[in-house]
Amino acid sequence: MTENERNLARDARRALREGPEGIARRQRARLAEAVAYARAHSPYYRELYRALPDEIDDPARLPVTDKKALMARFDEWVTDPDVTLAKAREFVADPALVGERFQGRYLVATTSGTSGLRGIFLQDERSVAVGNAVGQRARAGLGVGALVRLMRGAGRTAIVSAPPGHFSTVAGAARFRRDYPRLGWMMREFSIHKPLPELAAELNRYNPGSLAGFSGMLGLLAGEQEAGRLHIHPGVVIAGGEALTEENRARIAAAFHAQVRSAYAATECGFLTYGCAHNWLHVNTDWAVLEPVDADHRPVPPGQPSHTVLLSNLANRVQPILRYDLGDNVLVRPDACPCGSPLPAVQVQGRAAEMLEFPAGDGGHVHISPMAFGTLLDRVPGIAQFQVVQSEPATLRVRLKQVDGADPDHVWRTVREEISRLLAEHRAEHVALERAEEPPEQSAGGKFRRVIPLAR
């Protein structure tokens, strides 16, 4: 660990001890620095901020950006003139370069493009170091029991993801192995594309001290553990990529007898939050700004779900992310979290773009949150995985994977009854339900979208 990395780790711990005032002071100073740096080194931001005052420490004074706008101006967005979109695309086209330093300096990760636009994002050394520092801070709060089990697993971390590809989890693990070849055994990816029995056998041989992956896949692995085909004993299970429902969380915790933590991050900011024992996500606001806003980008008060959320990454200099529309629907906890963390706590409700919209009889529209389907179908016995796809404006196609021994016809009848009841409650009883023959599908990046709205 370098002296700079040690200083960042010490400051991360000190920020928590100083409480909300110390955290807010760091955020204001780092935001001002990030804005000043972007103006000085990014032609895109220089143009975007030309009418703003010289010093900005309030994010609300900044215009909103998004992936579409930034990717369209990639070469002017980045602060390193040697970096171009053409060079970055050539780099990520080669899977053999996953985790390698792009131009000898940057970690590169891509988004899967499920929202319709593939993103290419760079991290400089400072951003990686900040991520490590706040990660150490989060691990310190796990408790003695979890840490003992982590040690019994010799520090081995299993990441159930979607290799190959330059996706953030895969690229980050590959970078670790390249930087620390003698410690490469401590972090290993396992492919979600392998059959469950084969995946379980590989995990048994590795015997990890911690397990991380997409929430839906971890639920399937919990089923394998319950059935006795998987027998690992991680001290902590990190569930991310998809919303973690209470039912799935309880099942994972019981199956592995482990602490379960939610994770909410983005390729644009991998260190955004960490999960606590009370199933809240604490935003690392000493290094990031997360603004819950309505459809007009006006602030939404704590306790009310936002339409979207705006992100400012205060660590990354090569590719400034400032007031960036993530598209996520979040709710900020209005009171102090019982875990005692001074960092603000949020829960992710879904994505605004994933709201299902159906035509109504009066010529208007009916909207249903994807979480409504999740909380409903998680309670149906016999379902290993489900996927609700809006194939037409008034048609839902339901893909199901049953648990071993479950009667597919009985499961479908129950699912149809439950969804029909939900639709009727929202005055959308005219929506047709189709039973799909194909199983649930995953995106190229490994994310499993349980509800897929009609493209619009």
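Residues numbered from 1 in each chain as written. Predicted model: local features only at pLDDT ≥ 70, side-chain atom pairs only at ≥ 80, totals over all residues. Heavy atoms only, no water.

- An unreviewed UniProt entry annotates the protein chain as Coenzyme F390 synthetase of Streptosporangium pseudovulgare.

**Let's talk about the sheet that holds strand 19 (residues 432–435)**
Inference 1: With mixed pairing, four strands are arranged side by side in an open sheet as 19-18-17-20. The outermost strands of the open sheet, each flanked by one partner alone, are strand 19 and strand 20 (451–452).
Inference 2: With two bridges joining them, strand 17 (residues 383–392) and strand 20 adopt parallel strand pairing. If you follow V389 over to strand 20, its bridge partner there is I452.
Inference 3: Against the sheet, helix 13 (residues 408–425) makes contact with strand 17, strand 18 (395–402) and strand 19, and its axis sits at roughly 140° relative to strand 18, the strand it touches most. (Pairing = 2+ DSSP bridges. Helix = DSSP H or I, 4+ residues; strand = E, 2+ residues; numbered from the N terminus. Contact = heavy atoms within 4.5 Å. Axes fitted to C-alpha atoms, helices over the stretch in contact; angles between N-to-C directions.)

**With respect to helix 1 (residues 3–41)**
Inference 1: The terminal C-alpha atoms of helix 1, which comprises 39 residues, lie only 26 Å apart, well short of the 57 Å expected from a rise of 1.5 Å per residue.
Inference 2: At G19, helix 1 shows its strongest bend, of approximately 130°, with the proline P20 following within four residues. (Expected span 1.5 Å × (residues − 1). Bend = angle between axes of the 7 residues up to and from the residue.)

**Thoughts on the side chain of S306**
Inference 1: Inspection of the secondary structure assignment puts S306 in the loop between strand 10 (288–293) and strand 11 (308–313).
Inference 2: Assessed through its relative accessible area of 2%, S306 is described here as buried.
Inference 3: Filtering out sequence-adjacent residues up to four positions away, S306 remains in contact with P292, V293, V300, D328, N329 and V330. (Buried < 20%, exposed > 50% of the residue type's maximum accessible area, 1.4 Å probe, protein only.)

**Some details on the environment of V35**
Inference 1: Structurally, the position occupied by V35 is in helix 1.
Inference 2: Classification of V35 as buried rests on a relative accessible area of 1%.
Inference 3: Residue contacts for V35: discarding those within four places in its chain leaves Y49, I56, L62 and L322.

**Structural notes on a negative patch on the surface**
Inference 1: Together, D54, E55, D57 and D58 make up a region of like negative charge exposed at the surface.
Inference 2: Turning to its location among the elements, E55 is positioned in the loop between helix 2 (43–48) and helix 3 (67–72).
Inference 3: Residue class for E55 comes out exposed when judged on its relative accessible area of 71%. (Patch = residues over 30% accessible without salt bridge, like charges linked within 9 Å, V, L, I, M, F, W, Y side chains within 5 Å. Areas by Shrake-Rupley, 256 points an atom, 1.4 Å probe, with all protein chains shown as cover. Salt bridge = Lys/Arg side-chain N within 4 Å of Asp/Glu carboxyl O. Lys, Arg positive; Asp, Glu negative; His and termini not counted. Charge placed at Lys NZ, Arg CZ, Asp CG, Glu CD.)

**As for the nonpolar core**
Inference 1: Counting residues in each nonpolar core, the largest one holds 56 residues, and the members touching the most others are F74, W77, I120, L122, L272 and L326.
Inference 2: Top contributing element to this core by residue count: helix 1, with seven residues.
Inference 3: Judged by nonpolar contacts, the second largest core, of 26 residues, contains L196, L199, Y206 and A255. (Core = buried A, V, L, I, M, F, W, Y, C linked by side-chain atoms within 4.5 Å.)

**Topic: the pairing of strand 12 (residues 321–325)**
Inference 1: Buried residues dominate strand 12, accounting for four of its five residues.
Inference 2: Two elements, strand 11 and strand 12, share three bridges in a ladder whose sense is antiparallel. When the bridges of strand 12 are listed, L310 appears paired with D325.

**Describing the state of the cysteines**
Inference 1: Per the counting criterion, the structure on display carries zero disulfides.
Inference 2: Looking at C339, it has no disulfide partner, and the nearest cysteine sulfur is the one in C337, 3.6 Å off.
Inference 3: Judged by its relative accessible area of 34%, C339 is partly exposed. (Disulfide = S-S within 2.5 Å.)

**A short note on the pattern of salt bridges**
Side-chain pairing between opposite charges can occur once the charged atoms of the two side chains come close.
Inference 1: This model, assessed by the stated rule, comprises 31 salt bridges.
Inference 2: Its salt-bridge partner being E291, residue R323 comes within 2.9 Å of it at the nearest N-O pair. Here E291 lies in strand 10 and R323 lies in strand 12, a separation of 32 residues in the sequence. There is no split in this pair, since R323 and E291 are both buried.
Inference 3: Connected via shared salt-bridge partners are D11, R14, E18, R25, R26 and R30.

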